[in-house]
Amino acid sequence: MTDTTPRRGINRREFGAAVLGAGLVAVPVLGVTTATRAASPAAPAAPAAPVSANPTSMRTRNLGALSVSEMGAGAMAISANYGPAAPIDQGIAALRAAHERGVTFFDTAEVYGPYTSEELVGQAVRPFRDEVTIASKFGFDVAGTGAPLSRPDHIRTVIEQSLQRLQTDRIDLYYQHRVDPNVPIEEVAGTIKELVNEGKVLHFGLSEASAATIRRAHAVHPVAAVQSEYSIWTRDVESNGVLDACEDLGIGFVPWSPVGAGFLTGKINPATRFDPADDIRSGFPRFTAGNLTANMPFVEVLNRVADQKNATASQIALAWLLAQKPWIVPIPGTRNTSHLAENFGALDIELTATDLSSMNEQLALLTVVGERMDAVNMSIIDRTV
């Protein structure tokens, strides 16, 4: 059951600086970076976690049988894919500041970096490991082709590596990052069931899986959470049966890219350029100058509501997701502690039934222009019927 303990609000702030890292999570890197990386040298001592003068009193939500903070923290963008990696001290400070504000749910994956995001999360949460939920992911041939790979022997190999990087003896929520068409999902679920029995995994998750795959996996071992892209400009899960399957089976849902890879913050415009050397948005069709122009009406919808609520566009985007279902847990991410308050400000925004109806009426008139990822990444999305 969802905790209903009242929260203390936080003061609204204006955020003038661009926040390209805020809210960007869980993007696959196939075709972007699949090179093998040597083990990282010992990281410098982490800075003391900053103490907030007015921390948000966080409520909880359920992902299956797993209880987590109603908003999580995505660690991907700190280490990879949306510009140069942040210094490790900065990343640790950001994750510890999120915990200080009540976050107990931290999301990473072996492929982020690759490997460095798990190392970052492991070091950041080490002082309070038993107080938090760590979610990580397997499912790519990171050291080889970069293609989906979920053979049972591979899963058993990579979990040992992930446990070492995360400095822990168990992964609380272990997702298959992408469905492997060459391995029946029943074999994957069966392998995870064995790892659960061994205590190395506590809960099973799927990412970008179809409704049919979710149901087949759940029949072998309970699926606690499904993670897929979801926001006001990416709503496929509403119509392809994924959210329906989650509701039917009591599975939680974790939206990645809850503010549209930064677009829904209102800080990206048609003049924004993305470096193809380290920012995968440079190859995403929605992020061409022409398509950014065409999609600006989505931001305008958010801005109109934000003006009414004394909020920001990204706060409304997050509040909209939180209002969709009580078992949805967004995982925005930022490398900058000064931006955390903006994300958590969404928890204090009440979108009424009238607000949501008005937003949906406006959004129904809009058509998103451009595919959400490049052709290579879209080709490995599970659409099994």
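It should be noted that the structure appears before, not after, this text.
Okay, so let's go over this structure. Along every chain, residues carry numbers that run from 1 in the direction the sequence is written. The model is predicted, so local features are restricted to residues of pLDDT at least 70 and side-chain atom pairs to those at 80 or more, both for listing and for counting; the totals for chains, interfaces and linings are taken over all residues. Hydrogens and water are ignored here; the side-chain numbers use all heavy atoms of the structure.

### A few points about unusual backbone geometry
Our working rule: In this description a helix means any DSSP run of H or I spanning at least four residues, a strand means any run of E spanning at least two, and both kinds are numbered starting from the N terminus. Three labels apply to residues, based on accessible area from a 1.4 Å probe with only protein chains included: buried if under 20% of the type maximum, exposed if over 50%, partly exposed otherwise in between.
Here glycine 113 and proline 114 are connected by a cis peptide whose omega angle stands at 0°. For glutamate 208, which is not glycine, the phi dihedral falls at a positive 55°. Among the secondary structure elements, glutamate 208 is positioned in the loop between strand 7 (201-207) and helix 6 (211-220). In this structure, alanine 261 takes a positive phi of about 55° despite not being glycine. Here alanine 261 lies in the loop between strand 9 (252-256) and helix 9 (289-309). Exposure remark for alanine 261: the relative accessible area of 6% places this residue in the buried category.

### Notes on helix 6
As a reminder, the rule being used: The arc under discussion is defined with respect to the helix axis, by the directions toward the C-beta atoms. Residue contacts are defined here by distance: any two heavy atoms, one from each residue, within 4.5 Å place the two residues in contact.
If you check which residues of helix 6 are buried, you get Ala211, Thr213, Ile214 and Ala217. Taken around the axis of helix 6, the buried residues stretch over an arc of 155°, which confines them to a single face. Among the structural elements, helix 5 (185-197), strand 7, strand 8 (223-229) and helix 8 (242-249) are those in contact with the buried residues of helix 6.

### Thoughts on the packing of aromatic side chains
The line we're drawing: Pairing of aromatic rings covers Phe, Tyr and Trp, the last counted by its six-membered ring, and requires centre-to-centre distances within 6.5 Å; plane angles under 30 degrees mean stacked, over 60 mean edge-to-face, and any other angle means tilted. A positively charged side chain is recorded as over a ring if its NZ (Lys) or CZ (Arg) lies within 6 Å of the ring centre. The angle to the ring normal must also be within 35 degrees.
A full pass over the atoms with the stated rule returns six aromatic pairs. Ring geometry for phenylalanine 274 and phenylalanine 287: centres 5.4 Å apart, planes at 90°, overall edge-to-face. In this pair, phenylalanine 274 sits in the loop between strand 9 and helix 9 while phenylalanine 287 sits in the loop between strand 9 and helix 9, placing the two residues 13 residues apart along the sequence. For the residue pair phenylalanine 274 and phenylalanine 287, the accessibility class agrees, reading buried in each case. Just above the ring of tryptophan 233 sits the side chain of arginine 286; from NZ or CZ to the centre is 4.8 Å.

### Some details on the pairing of strand 5 (residues 133-138)
What counts is decided by this rule: Here a strand pair is declared whenever DSSP counts at least two bridges between the two strands. Viewed with both strands pointing away, a crossover whose connecting path from the first strand over the helix to the second turns clockwise is right-handed.
Among the six residues in strand 5, six count as buried, and that is most of the element. Residues Thr133, Ala135 and Lys137 line one face of strand 5 and the alternating positions Ile134, Ser136 and Phe138 line the opposite face, and both faces are buried. When strand 4 (residues 105-107) meets strand 5, the two strands line up parallel, connected through three bridges. Bridge assignment links phenylalanine 106 to a residue of strand 5, and that residue is isoleucine 134. What joins strand 4 to strand 5 is helix 3 (residues 116-125), and the crossover it makes is right-handed. Where strand 5 meets strand 6 (residues 171-176), four bridges bridge the pair, whose relative direction is parallel. Opposite alanine 135, over in strand 6, you have leucine 173 as the bridge partner. Crossover handedness for the path strand 5 to helix 4 (residues 152-166) to strand 6: right-handed.

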